[in-house]
Amino acid sequence: MKKSGYILLIAAAAAYMGYGMYRQRQSNAEAVRENSLSPVATSSRIPANGPAHFDGLDRVRISGDNPSQEKDYTGFRLSFNKDTRTPNWVAWELLGNETSGDSPRNNNFWTDDDIYGCPVADDYRRSGYDRGHMCPAADQKWSPDAMNDCFVFTNMCPQDHSLNSGAWNTLENKSRVWAKRDSAIVIVAGPIYDTSDTKTIGPNEVRVPGAFFKVIAAPYVAKPRGIAFIYPNMSSPGNMQNYVTTIDEVEKITGFDFFHTLPDDLENEIESVSSYREWNSRD
């Protein structure tokens, strides 16, 4: 089966299996199990009275010769691909208290001159595709700077409107529910390209992906868990559960290594199993 057919099969029917990993100190794993909100590491964005979390969970390793320019923005970091002119991945930690805020959506899309190959407004104008946020604006209402940064074109992919306003938006809303329930989650999202995905838009030839992935981890709860989704870049009707897969499976398809700074046993636990029923519970 061609890889493109394989990706769509996963998106439509929920593929499972795989194993992927790296390492950090074993003592951290014990600390997480004894107290899911223990101060294992710190983040400058976490309020003084809030939980202390692992540092570096939003760093992703890329195998092979995939072009990558990494940059930290307010609230998220990403790896940009100068060949596709879209991100390889965009990663952020979403705290429960960041799911609401006073910073309104500004719709001020902008080009980052520091990033080689960053698209411009004309690339998306009259293209037939939405400027699809990988890190959504609604996750950045906690800070004016974060809201402004998430409209950078390095955070965008050409996205089918029916997906952007439909199933992808539903997943974004559900992620905020999970962040509030679990105190914090870590999210990585990005495009999936097959060799057959040759369509481009705009004068800078921004490549249109055939599908999108989103992987989510809740490493701070009493029973750490992870889940992943793959959606084809088209209308994706039906239940979210139909698009669930494991983080391991997304690693196999993309060549990325997510959450590699976690202790091995915790990483394996989070990445090898995806239970939508468990994620969708209220507890």
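Description of the structure in this document.

A closer look at the environment of Asn164
Point 1. Take Asn164: it is sitting in helix α5 (residues 161-164).
Point 2. Residues Asn164 and Asn233, spaced 69 residues apart in sequence, show a C-alpha to C-alpha distance of 8.8 Å.
Point 3. The contacts of Asn164, once residues within four sequence positions are left out, are Asp130, Gly132, Gln159 and Asn169.
Point 4. Within the structure, the side chain of Asn164 is placed 2.9 Å from the side chain of Asp130, a separation counted as a polar contact.

Brief notes about the packing of helix α7 (residues 247-254) against helix α8 (residues 264-272)
Helix packing for two helices is described by the angle between their axes and how far apart those axes are.
Point 1. One can describe the packing of α7 onto α8 by two numbers: an axis separation of 6 Å at closest approach and a directional angle of 90°. Judged by the angle between their axes, α7 and α8 are roughly perpendicular. Across the interface between the two elements, Ile247, Asp248 and Glu251 of α7 pack against Glu267, Ile270, Glu271 and Ser272 of α8.
Point 2. Considering only residue class, the contact of α7 with α8 consists of two nonpolar, one polar and four charged.

Here we look at the pattern of salt bridges
When charged atoms on two side chains of opposite charge get close, those side chains can pair.
Point 1. On inspection of all chains with the given rule, the structure shows eleven salt bridges.
Point 2. Between Glu278 and Lys223 there is a salt bridge, with its nearest N and O atoms 4.0 Å apart. Of this pair, Glu278 sits in helix α9 (residues 276-279) while Lys223 is found in the loop between β10 (211-218) and β11 (225-232), placing the two residues 55 residues apart along the sequence.
Point 3. Across the pair Glu249 and Lys252 runs a salt bridge, and its minimum N-O distance is 3.5 Å.

A short note on α7
Point 1. Of all the eight residues making up α7, seven are buried; the element is thus mostly covered by neighbouring parts of the structure.
Point 2. Residues Ile247, Asp248, Glu249, Val250, Glu251, Ile253 and Thr254 constitute the buried set of α7.

Some points on the side chain of Ser175
Point 1. Along the chain, Ser175 turns up in helix α6 (residues 167-182).
Point 2. For Ser175, a relative accessible area of 1% corresponds to the buried category.
Point 3. In this structure Ser175 touches Leu94, Ile185, Ile187, Lys214 and Ile216, once residues within four positions along its chain are discounted.

A closer look at the nonpolar core
Point 1. With 46 residues, the main nonpolar core has Phe76, Trp178, Ile185, Phe229 and Tyr231 as its most contacted residues.
Point 2. Where this core is concerned, the elements lending two or more residues are β3 (76-81), β4 (86-95), β6 (156-159), α6, β7 (184-192), β10, β11 and α9.
Point 3. It is α6 that provides the largest number of residues to this core, a total of five residues.
Point 4. In terms of nonpolar packing, the next biggest core, distinct from the first, is built from 25 residues, Ala91, Leu95, Val186 and Ile247 among them.

Definitions and cut-offs
- Per chain, the residues get numbers from 1 upward, laid out in the order the sequence is written.
- Residue-level local features of this predicted model are given only where pLDDT is at least 70; pairs of side-chain atoms are given and counted only at 80 or more, and the full residue set underlies all totals for whole chains, interfaces and linings.
- No hydrogens and no water enter the side-chain calculation; it runs on all heavy atoms of the structure.
- Counting from the N terminus, the helices are the DSSP runs of H or I reaching at least four residues and the strands are the DSSP runs of E reaching at least two.
- Two residues form a contact once any of their heavy atoms are found within 4.5 Å.
- Polar contact is the term for a pair of N or O atoms within 3.5 Å; when the atoms are in protein, one must be able to donate a hydrogen and the other to accept it, and sequence-neighboring residues count only if both atoms are side-chain atoms.
- Under this scheme, a helix contributes an axis fitted over its contacting stretch, all axes are lines through C-alpha atoms, and angles between N-to-C directions fall in the 0 to 180 degree range.
- Each angle is binned into one of four classes, with values under 35 degrees roughly parallel, values over 145 roughly antiparallel, values of 65 to 115 roughly perpendicular, and all other values oblique.
- Residues are grouped as follows: Ala, Val, Leu, Ile, Met, Phe, Trp, Tyr, Cys and Pro are nonpolar; Asp, Glu, Lys and Arg are charged; every other residue, Gly included, is polar.
- Whenever Lys or Arg places a side-chain nitrogen within 4 Å of a carboxyl oxygen from Asp or Glu, that contact is recorded as a salt bridge.
- Think of it in three bands: residues with accessible area under 20% of the maximum for their type are buried, residues over 50% are exposed, and the middle band is partly exposed, with areas taken using a 1.4 Å probe on protein chains only.
- In this text, buried Ala, Val, Leu, Ile, Met, Phe, Trp, Tyr and Cys residues form a nonpolar core when linked through side-chain atoms within 4.5 Å.

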